[in-house]
Amino acid sequence: MKKEEVQEIFLKILREEEDVSVGVAAIKTLLTVIENYKVATVRELDLNLQLAVDAMRHCDQPVTAISSGCELFMRFITFAKLDVKSFEECEQIMLQRGRIFLDTLLEARGKVAKQSLPFISDGCKILTHSRSRVVLAAMLEAVKANKRFQVFVTYSSPDNSGKRMHKELVAAGIEATLILDSAVGYIMEQVDIVMIGAEGITESGGIINKIGTYCLAMSASELKRPVYVLTESFKFSRIYPLNQQDIPIEFKYLSSVIASGGFGEATPFSGLYTPCIHYSTLYRFGHFDTFRR
């Protein structure tokens with residue numbers, strides 16, 4: 001198996017399934033590797049999966065969700081090694097568990113959206129940053145519940161992903177206003193809540209998200225506005241950064257920027273760790289329904 005083959009599978013999933021997240025696409029890729037690249041031992045299968053994870057980390061996609069999602073997936077399926085003696089049977093159990101894991105993840109977004117309904121009150125004003133599939137799903141769920149609300153969306157430079165979020169909200173009949181990233185402080189006093197997604201959650205409870213999230217959370221904290229973070233728990237990462245600079249470099253920059261060494265000229269892709277600021281985490285995974293405040 002070659003890295004280029006894995007990267008092509010991964011990028012094809014992202015191209016063809018527009019609404020799939022990077023983390024879910026990575027897990028689908030690992031399942032494809034198990035199904036299509038036959039090996040004779042558990043050790044060879046482990047090496048194949050590790051090679052696949054490494055290949056996806058170099059695809060110029062956000063690494064945070066790839067890293068945490070794949071780590072959790074590997075832990076979940078490899079318990080099969082202890083259950084059987086035959087490798088063929090072990091491989092089938094790993095595939096079965098992998099599909100169960102994937103199905104659980106695919107259901108998570110809708111369940112988070114339903115749980116978030118009580119926090120979107122009728123007539124409220126919401127500020128969101130960049131584009132989050134989970135936040136969008138929550139707002140669409142609120143529309144189905146006949147709730148009326150207004151949304152302010154940041155442009156989210158440098159890729160201006162907020163423009164797409166704004167377009168999707170307007171298409172759903174939601175009153176939405178696109179604002180400059182630098183206007184967050186001005187808008188904050190007008191909003192009732194802040195609702196954002198996350199690329200990853202650290203072990204200390206901090207948020208790794210699109211650049212600008214830290215400033216938004218600081219502004220919300222100063223003006224006593226609640227910040228709700230909607231995310232699936234497969235994005236919980238086994239890292240414990242102490243500050244912004246302590247986050248692994250691959251979580252902040254695309255692989256092409258790291259390879260070129262141009263850190264001084266590039267803006268971090270993922271917005272950074274938000275330590276101990278007033279925030280909430282709402283997530284769904286497996287049998288756990290948890291809301292932290």
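Presented here is a report on the structure given in the accompanying data block. (Residues numbered from 1 in each chain as written. Predicted model: local features only at pLDDT ≥ 70, side-chain atom pairs only at ≥ 80, totals over all residues. Heavy atoms only, no water.)

**What to know about the overall build of the protein chain**
Then step 1. Of the regular secondary structure elements, the protein chain holds eleven helices and nine strands.
Then step 2. Considering only residue pairs separated by 6 or more positions, the protein chain has 74% of its internal contacts joining residues 24 or more positions apart.
Then step 3. Summed over all atoms, the accessible surface of the protein chain reaches about 13,800 Å², with 52% contributed by carbon and sulfur. (Helix = DSSP H or I, 4+ residues; strand = E, 2+ residues; numbered from the N terminus. Contact = heavy atoms within 4.5 Å. Areas by Shrake-Rupley, 256 points an atom, 1.4 Å probe, with all protein chains shown as cover.)

**A short note on unusual backbone geometry**
Then step 1. With an omega of 10 degrees, the peptide bond between Ser 157 and Pro 158 qualifies as cis.
Then step 2. Within the secondary structure, Pro 158 is located in the loop between strand E2 (150-154) and helix H7 (161-171).
Then step 3. Notably, Ser 156 is not glycine yet its phi reads approximately 65 degrees, a positive angle.
Then step 4. Note that Ser 156 resides in the loop between E2 and H7.
Then step 5. Of note in the backbone geometry, Asn 160 takes a positive phi value of approximately 55 degrees without being a glycine.
Then step 6. By the secondary structure assignment, Asn 160 is in the loop between E2 and H7.
Then step 7. In this structure Asn 160 comes out as partly exposed when scored by relative accessible area, which is 31%. (Buried < 20%, exposed > 50% of the residue type's maximum accessible area, 1.4 Å probe, protein only.)

**Some details on the nonpolar core**
Then step 1. Judged by nonpolar contacts, the single largest core of 36 residues is most densely connected at Phe 10, Leu 30, Leu 49, Met 56 and Phe 73.
Then step 2. Among the elements of the structure, helix H1 (3-16), helix H2 (22-36), helix H3 (42-56), helix H4 (63-77) and helix H5 (87-115) are those that each provide at least two residues to this core.
Then step 3. Top contributing element to this core by residue count: H2, with nine residues. (Core = buried A, V, L, I, M, F, W, Y, C linked by side-chain atoms within 4.5 Å.)

**Brief notes about H3**
Then step 1. Between its first and last C-alpha atoms H3 spans 21 Å; for 15 residues at 1.5 Å apiece the expected length is 21 Å, and the two agree.
Then step 2. For H3, the complete set of buried residues consists of Leu 45, Asp 46, Asn 48, Leu 49, Ala 52, Val 53, Ala 55 and Met 56.
Then step 3. Residues of H3 that are buried sit in contact with H1, H2, H4 and H5. (Expected span 1.5 Å × (residues − 1).)

**So, the layout of surface pockets**
Then step 1. Within this model, the largest pocket holds a volume of roughly 690 Å³.
Then step 2. When residues of the lining of the largest pocket are traced back to their parent elements, those giving at least two are H2, helix H6 (133-144) and H7.
Then step 3. Here the lining of the largest pocket is built from residues that sort into nine nonpolar, ten polar and eleven charged.
Then step 4. Counting contributing residues, the lining of the largest pocket receives three or more from each of domain 1 (3-109) and domain 2 (116-292). (1 Å grid on protein atoms, 1.4 Å probe; cavity = no way out; pocket = protein on both sides within 12 Å on 5 of 7 lines; lining within 4 Å. Points joined across faces, edges and corners; volume = space filled by probe spheres on them. Nonpolar A, V, L, I, M, F, W, Y, C, P; charged D, E, K, R; others polar. Domains from an automatic or database assignment.)

**A few points about the side chain of Arg 109**
Then step 1. By the secondary structure assignment, Arg 109 is in helix H5.
Then step 2. Overall, Arg 109 belongs to the buried group, its relative accessible area being 17%.
Then step 3. For Arg 109, the residues in contact, after removing those within four places along its chain, are Asp 19, Ser 21, Arg 133, Val 134, Ala 137 and Glu 232.

**Notes on the side chain of Ser 156**
Then step 1. For Ser 156, a relative accessible area of 0% corresponds to the buried category.
Then step 2. Reaching out from Ser 156, the side chain makes a polar contact with the side chain of Ser 130 at a distance of 3.3 Å.
Then step 3. For Ser 156, the side chain forms a polar contact with the side chain of Lys 210, separated by 2.8 Å.
Then step 4. Beyond its immediate chain neighbours, meaning those up to four positions away, Ser 156 contacts His 129, Ser 130, Ser 161, Gly 162, Asp 181 and Lys 210. (Polar contact = N/O pair within 3.5 Å; in protein donor to acceptor, adjacent residues only side chain to side chain.)

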